[in-house]
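Chain and residue survey
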Amino acid sequence: MKHHLKCAGAVLLALASVGAGSAGAQTADIKTIVSVGGPPVVLNQNSQLNMAGVFMIGGSTSATVTQNGTNNATGVLQFGGTNSASVGQSGAINLAFVGQTGQSASSAISQLGAINAGTVAQFGTVNNSTILQTGP
């Protein structure tokens, strides 16, 4: 068991130090947003490590997440009649997932970085998605 914990710790340390340069302090911005019938969610994150989880339920859901940092991760889940999600990421490592269920679903993921992973799952009558990934 101790071996597994050491390996997990080494992986976390490696992710946190990617592109850090010096051994200075790491900054992190971790947000979880739950919205039931609320207004559109707009989230801007500019730390070295950015993580966002957005869960929305309602008639019309809309989420916009912008992340600029070394490591960025976003997960958006939407359950509504009309769903819209937009994720923009710029960093060394970018991970994004959008899941949408409803009458119509629209999503856009834009990633600029060395390692980019974007996934969209849509379950609606009308579905539209775009993923743009570019390297440095």
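Quick look at the structure, then. All of these numbers come straight from a predicted model, not from anything done at the bench.

Summing up its helical and strand segments, the chain has one helix and six strands in all. Going from the N terminus to the C terminus, the chain shows its helices and strands as α-β-β-β-β-β-β. When burial is assessed residue by residue, the chain has 31% of its 136 residues classed as buried. When the accessible surface of the chain is split by element, carbon and sulfur atoms take 65% of a total near 7,400 Å².

What follows is about the environment of Met51. Its place among the elements puts Met51 in strand 3 (residues 49–68). The partly exposed category is assigned to Met51, whose relative accessible area is 36%.

Quick look at the side chain of Asn50 now. One can find Asn50 in strand 3. On the basis of relative accessibility, which here comes to 0%, the residue Asn50 falls in the buried class. At 2.9 Å, the side chain of Asn50 and the side chain of Asn72 are in polar contact. Contacts of Asn50, omitting those with residues within four sequence positions, involve Asp29, Gln45, Gln67, Asn68, Gly69, Asn71, Asn72 and Ala73.

To continue, consider the side chain of Ser107. Residue placement: Ser107 occurs in strand 5 (residues 93–112). Judged by relative accessible area, Ser107 falls into the buried class, the value being 4%. There is a polar contact of 3.5 Å between the side chain of Ser107 and the side chain of Gln122. Setting aside chain neighbours within four positions, we find Ser107 in contact with Ala85, Val98, Gln100, Val120, Gln122, Asn128, Ser129 and Thr130.

Next up on the list: the pairing of strand 4 (residues 71–90). In the sheet, strand 3 pairs with strand 4 via 19 bridges, with the strands oriented parallel. Across the sheet, residue Ala63 finds its bridge partner in strand 4, namely Ala85. The sheet contact formed by strand 4 and strand 5 spans 18 bridges and is parallel. For Ser90, the partnering residue across the bridge sits in strand 5 and is Leu112.

Let us now look at the nonpolar core. With 13 residues, the main nonpolar core has Val54, Ala63, Val76, Val87 and Val98 as its most contacted residues. If you list the elements that add at least two residues to this core, you get strand 2 (41–45), strand 3, strand 4 and strand 5. With five residues, strand 3 is the single largest residue contributor to this core. With sequence-adjacent residues up to four places away left out, Val98 is seen in contact with Val76, Ala85, Val87, Ser107, Ile109, Thr119, Val120 and Ala121.

Right, let's get into the pattern of salt bridges. Taken as a whole and judged by the stated rule, the model has one salt bridge. Put simply, Lys31 and Asp29 hold a salt bridge, and the shortest N to O gap is 2.7 Å. Residue class for Lys31 comes out partly exposed when judged on its relative accessible area of 35%.

Cut-off values and rules
Residues numbered from 1 in each chain as written. Predicted model: local features only at pLDDT ≥ 70, side-chain atom pairs only at ≥ 80, totals over all residues. Heavy atoms only, no water. Helix = DSSP H or I, 4+ residues; strand = E, 2+ residues; numbered from the N terminus. Buried < 20%, exposed > 50% of the residue type's maximum accessible area, 1.4 Å probe, protein only. Areas by Shrake-Rupley, 256 points an atom, 1.4 Å probe, with all protein chains shown as cover. Polar contact = N/O pair within 3.5 Å; in protein donor to acceptor, adjacent residues only side chain to side chain. Contact = heavy atoms within 4.5 Å. Pairing = 2+ DSSP bridges. Core = buried A, V, L, I, M, F, W, Y, C linked by side-chain atoms within 4.5 Å. Salt bridge = Lys/Arg side-chain N within 4 Å of Asp/Glu carboxyl O.

Purely spatial values, then, with no claim about function.
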